[in-house]
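Residue-level structural notes
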Amino acid sequence: MNYTSIDADLVKTMRPAGRAYYIVLACLAAIAGWGAYAWSYQIRHGLGVAGITWPVGWGIYITTFVFWVGIAHSGTLISAVLFLFRVRWRSSIYRSAEAVTILALMTAGLFPLIHLGRPWVAYWLTPYPQMGGLSPNFRSPLVWDVFAVSTYLIVSLLFFFTGMVPDLAIVRDRSRGWREKVYGFLAQGWQGTNRQWRHYAAAYVFLAGLATPLVISVHSIVSWDFAMSIVPGWHTTIFPPYFVAGAIHSGLAMVLTIVIPMRRLFGLDSYITHEHLANMAKLMIVTGMLLGYSYGVEYFVAWYSGNIYERSVFFYRAFGDYAWALWLLVACNVGSPLLFFFSRVRHSTPWLVALCLLVNVGMFFERFVIIVTSLARDYDPFTWHQYAPRWPELSILAGSFAWFFLLFLIFAKVLPVVSMWEVKESQ
Amino acid sequence: MTTKRRDFLKILGIGGAAGLTGCSTTAPDALVPYVTPPEEMVRGHALWFRSTCRECPAGCGIEARVREGRVHKVEGNPEHPVNGGGLCARGQAAVQGLYNPDRLRSPLVREGGKLKPVSWDEALKRVQAGLAGKPVTVITGSVTGAIEELAGMIGRRLQFEPIDYATLREANRICFGIPSLPVLRFAEVKTILVFGTDVIETFVSPVGYARGIAEARRNGARMIYVGSRLSLTGARADEWIPVQPGAEGLVIERLEKELPAGPSIAVTGGTASCDQDGLFTAIAVNRLNAASGALNRSVRFDRTSALGKLASRAQLQEASEAVVVAGANPAYWMPDLFRKTPFLVALASFPDETTEMAHVILPVHTPLESWGDYEPWTGIHCLQQPAMRPVFDTRDLGDVLLLLANHKPETSFREFLRSRWREPEDFTTALQRGGYWRDVPEVRAALKSDVNVAPSLERKPYVLQTYPSLAHFDGRGANRPWLQELPDPITQAVWDSWVELNPQDADVHGIATGDRVRVRTRHGEVETAAYVYPGIEPGAVAMPLGQGHTAFGRYATGVGVNAARLIGENWSGEPVEISLVRKAHGLVIIPGHDLQEGRGIVRTSPAEPRPEISLYPPHTHTPHRWAMAIDLDACNGCSACITACYAENNVPVTGKEQVGRGRHMSWIRLERFFGPGSAVTKPLQIDYAPMMCQHCDKAPCEPVCPVFASVHSAEGLNAQIYNRCVGTRYCANNCPYKQRRFNWFPGEFPAPLDWQLNPDVTVRSVGVMEKCTFCVQRIVAAKDRARIEGRPLADGDAVPACAQSCPTGAIVFGDLNNPASRVSKACENPRRYTVLEELNTRPAVRYLRRERRT
């Protein structure tokens, strides 16, 4: 492998796509379109067409929001945190991981809007200047959310773009016509001079340092949406670390779910090796066990507090209407990553994909269980009521997955999916 | 202060009487804002017209609030001897009768089986031709005075009320020689014995009786309920003695021996008096009252009920060639009654089972548009006046009867009514008060010595008990969406009918709540949803009446089943077979759990008071600190407050499906809990607490709102800014009392129901949160009134709709900053507690715990 072949191999992914690509793209667009229709239907007729109700005012929409924000975590972890720790295996994966971060945030960001009663006035959550002097309530965790998620998106975009500049220059040099102009603009006049590299390296470390605390803060703040309330099952101090661990867990799973088929399709086996994948799997053992510990502590505290409301909610989670979801998530999130202790499992792509899909499912239900069971059983027994999603929620959920993969497919064809300069650097 | 308000009302009353003289019966061509308003009308100011509620025969006094010529709300007349200011849910819903979108809008004539709209002249010509020279029967509801006289001028008059208390009247005739119903004075007694009667729900004069019972409770009375079904009255009692259906009379002897010293009263009626042993029970109760000294003291015959004049079913069935039905719906009860009638004229406001059979239908005013008089009790002469111009091209019932009677001297019913006014006070003054209450000579009833009826002691394996529904009474309230959406306080079911079964009996048939069940008697069979609970004795099968209309507008037709199809003369005691049709979740019940799980929501035992701890300085409230105290010992679960709130605050009705999904919009939730341990040990106890927004001082909903739509006012109100709300629902999630309601859909008020909307209250748009405001519009109005009159706001000036309507005065509202206010006093009561006190939310709604006296 020399520098030229690396360039050739990796730019190959950007060659014009075949028919299969467009068919998949069209299918995804159709599903995403159906989700958009469901949302428009919901706006036209009122939020009541969805299954969310009283007292479960948050359901699939907020679950999906937290799910996608969680997915967004692995990107920054892999690109920034592992960069600072000089972990070399990250170089072939991090571009895709960062793309997952940004695209997941672009998906997640839709859900607070979708779940609003009046989405057309969503901008009231931002502190824009207006004559009435009205301001958002900075005591509300939802306003913190707006800032946390938008900050994360902006920093992630900057980091993503900065990391890509040398690669974009390579693409520019290999393109002709309007493509050359576009990539030339994006490459920002990159010549690969010594001076440019010196500044570039400093800026990259700086951005990595800026992005690293966000890995912790974003999901901590998302968890405060719940922890700052007084709802039993939500109001607990363990939520920030617990949510961050869960987010990284789900993010790693999603990156693996995407990278494994991608490396196959683009023939990147020699760049994204089994060793890289196995390292990610090892990380998932850690996050999975962290989650298992958090689940245990939640139950212990509920019992140890002697608080009847807490106890009742946790009893309900384990044995009530949604008990199947709880046991499913424990098995998926804590049980399945334990199989990664076996080297054979870690090094087998079918096993990796299967277990990562399970973790994705488990992480979705984790948020579902936290949100729904707590609201379904809070203080006043006369208000206890169950929740079941209806077609608009399920359509929008499916649409969100389609939207995410649609964006990723486009990304894979228009931007280099593996960082060429870092692969070269790590050679 | 009150005098001043009274004066104000009097002036309005005079204005109203004068202004309405020119009432015409034609509908306006176009609705345009007043350019030159009538003299007494000031835009933005409410006019109040006193009248009489005709939603049941109780004859409660009402005040209709009119803004810009439209009635928005009906409240109880505080000066009225029957109800004293309270008004039940059905009375509150009278406005939905007035503005019902299914009202008859023009005269209809049946031609070839189909109804054809015709002009009034044409219709009246046909009626006069049809009635000429034939023996005519006029069937009315319970009426007295002018309408009764007019009915007599037209032909043989019969008064039909499905709930006719025939057994009680018969028992009183046998025992005392008085075939009517006595006044029951609960207020002064120490022991109240109820034998299967639904005193609080629908019995004779429920608002007045509920008020009396609450007063007796305040004086320390104990209440015992004997019956086979735990009705709302049973839930109200300190003790429920469950008996086999129809066996109420058999425990009287035992209870008589155990009766504590002090004045007592015994009441029977309802299911206990409607089966084959009803007469035995009623007579035994009369004897008990005579023996205990209650007769002539708390059971008094000096005023007797207008219901003494009701016709029997046999009288109704005597065929007549021409029948005029005026303001009654006998065909709902006896579908075959008019099958052979050659000429049937229906004077009705709504299409119903009787108009379905009528040859000519003449649309008449609803009571809120009509003149009239009614004497529910001897000497309580109530007057009825129109509160607004007619909504549709309808005519006053009295005017139509005048025409049919060919009575010339007076041209209008109003003049006729006035000419028949014989009371010593002048008509206009009486009209302003709501009527004239005349003193009556004392009548001392004496028990006849030779009274003896033996019980049949015949017991059947399963017997049916039907009872008039709290919301729909005998069915006449079924077309009011507020009443359909009002959860039945016992079952919490809405928009349906059901059959109540004991868990033992249900197990035998493999039936669970919500399953479709076939109920069959020798009279017929129906298929409905089951409700399984331990508040009914094994062997008893209970069904509410009033649903299952075949023609009663969009809100009633096809909703539930008509239990009247299953019964004959006796409403209770009919042998019945039940069988499972299929497993289902057919019954829409307000979501909720039956047990409190030790959380002390509705307390019957003292609560440990907790110190108020906070790191932050307390809020200061100036100049007022609004608060509410709800006495759970006075609250009986009648749900009047819920309907009052719908009327005052433009709360939308969502319909059966959405209620089942938890989208019930009511701002007040009547929490119903089965008492501690009563699911396993007998007998069942039920406790109620009306719960609305608690207006917490440290409200969990406030900090979480991202846009400051939920804010604390300087006067302690937790305000919701509808037009700022973006609809995150975070506040609702964080409300431990779950009192916030989200507009899942745009509220629907099909015309002309939208005329009822209170102009002082915003109609909320889709996607925003709403909740109880403590009727802030009424607080503001009270402040304005005080300011205009140049005086400080007095206690009792600001009254939310729920507190105003409460028949028992259980809800007290006022200013905590005023130590002399009633609410401040109530908050010092040792029974005081707040719900979920440990959360330190510091609610402004304080509850006074219920007492179960032994």
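On a predicted model such as this, the values are computed, not experimentally measured, just so you know.

1. What about the overall build of chain A?
Scanning chain A from N- to C-terminus turns up 17 helices and zero strands. For chain A, the spread of C-alpha atoms along the three principal axes comes to 70 × 60 × 40 Å. Residues classed as buried in chain A amount to 49% of the 427 residues present. Expressed as a percentage of contacts within chain A between residues at least 6 apart in sequence, the contacts between residues at least 24 apart total 82%.

2. Remarks on the sheet that holds strand β19 (residues 435–437) of chain B
All names here are of chain B. Reading across from one edge, β17-β18-β19 is the order of the three strands in this open sheet, with antiparallel pairing throughout. Two strands close off the open sheet at either side, each with one partner strand: β17 (372–377) and β19. Recorded for the sheet is a direction-independent mean angle of 15 degrees between the axes of neighbouring strands. With three bridges connecting them, strand β18 (residues 380–384) and β19 associate as antiparallel partners. Bridged to His 381 within β19 is Tyr 436.

3. Focus: the domain arrangement of chain B
Its domain assignment divides chain B into domain 1 (2–101 + 372–391 + 409–437), domain 2 (108–163 + 309–363), domain 3 (166–308), domain 4 (463–582) and domain 5 (626–848). Between the C-alpha centres of domain 2 of chain B and domain 5 of chain B there is a distance of 44 Å.

4. Examining helix α7 (residues 206–218) of chain B
Residues and elements named next belong to chain B. Its 13 residues place the ends of α7 18 Å apart at the C-alpha level, agreeing with the 18 Å of an ideal helix rising 1.5 Å per residue. Within α7, eleven of the 13 residues are buried, leaving the element largely enclosed by the surrounding structure. All of the buried residues along α7 are Pro 206, Val 207, Gly 208, Tyr 209, Ala 210, Arg 211, Gly 212, Ile 213, Ala 214, Ala 216 and Arg 217. Of the surrounding secondary structure, the elements contacted by the buried residues of α7 are β8 (182–184), β9 (191–195) and β10 (222–227). Positive phi appears at Gly 220, one or two residues downstream of α7, with a value of about 95 degrees.

5. Considering the sheet that holds strand β12 (residues 264–268) of chain B
Residue and element names in this part refer to chain B. As summarised here, the arrangement of the four strands in space is β11-β10-β9-β12, forming an open sheet in which the pairing is parallel. Two strands lie at the open edges of the sheet, namely β11 (239–242) and β12, each paired on one side alone. Mean inter-strand twist for the sheet, computed between neighbouring axes without regard to direction, equals 15 degrees. Alignment of β9 against β12, held across five bridges, turns out to be parallel. Bridge pairing links Ile 192 to Ile 265 in β12.

6. Topic: the confidence of the model for chain A
Residues of chain A with pLDDT of at least 70 account for 100%, and the chain-wide mean is 91. Per-element averaging of pLDDT across chain A places helix α1 (residues 3–11) of chain A at the bottom with 78 and helix α2 (residues 19–45) of chain A at the top with 95.

7. A word on the environment of A:Leu113
Residue and element names in this part refer to chain A. For Leu 113, the position within the fold is in helix α6 (residues 110–115). It is 9.7 Å that separates the C-alpha atoms of Leu 113 and Tyr 123, two residues lying ten residues apart in sequence. Residues within four places of Leu 113 in sequence aside, it is in contact with Pro 119 and Ala 122.

8. Describing the environment of A:Asp378
When you line up the elements, A:Asp378 lands in the loop between α15 (349–376) and α16 (391–414). In this structure, A:Asp378 is in contact with A:Pro55, A:Val231, A:Pro232, A:Tyr309 and B:Pro736, ignoring residues within four places of it in sequence.

9. So, the pairing of strand β14 (residues 322–326) of chain B
All names here are of chain B. Counting buried positions along β14 gives five out of five residues, so the element sits mostly inside the fold. In β14, alternate side chains face the same way, and those of Ala 322, Val 324 and Ala 326 on one face and Val 323 and Val 325 on the other are all buried. Note: strand β6 (residues 136–140) against β14, five bridges, orientation parallel. In the strand pairing of β14, Thr 140 is matched with Ala 326. The pairing of β14 with strand β15 (residues 343–348) spans five bridges and is parallel. Within the sheet, the bridge partner assigned to Val 323 lies in β15 and is Leu 344.

10. Description of unusual backbone geometry
All names here are of chain B. The linkage connecting Thr 622 with the following residue, Pro 623, adopts the cis geometry, with an omega of -10 degrees. Mapping Pro 623 onto the fold places it in the loop between β26 (577–582) and β27 (626–631). Cis peptide bonds are those with omega within 30 degrees of zero, and the linkage from Ala 751 to Pro 752 qualifies with 0 degrees. By the secondary structure assignment, Pro 752 is in the loop between β32 (741–742) and β33 (769–770). Despite not being glycine, Val 204 has its phi angle at roughly 50 degrees, a positive value. Inspection of the secondary structure assignment puts Val 204 in the loop between β9 and α7. For Asn 650, which is not glycine, the phi torsion reads 55 degrees and is therefore positive. Along the chain, Asn 650 falls in the loop between α19 (640–649) and α20 (656–660). Residue classification places Asn 650 among the buried residues on the basis of 21 C-beta atoms within 10 Å.

11. Focus on the interface of chain B and chain A
Taken residue by residue, the interface counts 42 residues in chain B and 37 residues in chain A. Contributing elements (two or more residues each) for the side of chain B that touches chain A: β28 (669–674), α21 (701–704) and α22 (730–734) of chain B. The leading source of residues in the side of chain B that touches chain A is α22(B), at four residues. Taken together, the residues of the side of chain B that touches chain A sort by class into 24 nonpolar, eleven polar and seven charged.

12. Here we look at the pairing of β18(B)
All names here are of chain B. Taking burial as the measure, the five residues of β18 include five buried ones, the bulk of the element. Burial along β18 is two-sided: Ile 380, Cys 382 and Gln 384 and His 381 and Leu 383, pointing in opposite directions, are all buried. Relative to β18, β17 runs antiparallel, the two being bridged by four bridges. Note on β18: the bridge partner recorded for Trp 377 is Ile 380. Once β17 ends, the chain turns through two residues before running back antiparallel as β18, passing Gly 379 with a positive phi of about 90 degrees.

The rules we used
- Residues numbered from 1 in each chain as written.
- Chains lettered and ligands numbered in written order.
- Predicted model: local features only at pLDDT ≥ 70, side-chain atom pairs only at ≥ 80, totals over all residues.
- Helix = DSSP H or I, 4+ residues; strand = E, 2+ residues; numbered from the N terminus.
- Buried ≥ 20, exposed ≤ 12 C-beta atoms within 10 Å, placed from the backbone.
- Contact = placed C-beta atoms within 7 Å.
- Pairing = 2+ DSSP bridges.
- Axes fitted to C-alpha atoms, helices over the stretch in contact; angles between N-to-C directions.
- Domains from an automatic or database assignment.
- Expected span 1.5 Å × (residues − 1).
- pLDDT = per-residue confidence, 0-100.
- Nonpolar A, V, L, I, M, F, W, Y, C, P; charged D, E, K, R; others polar.

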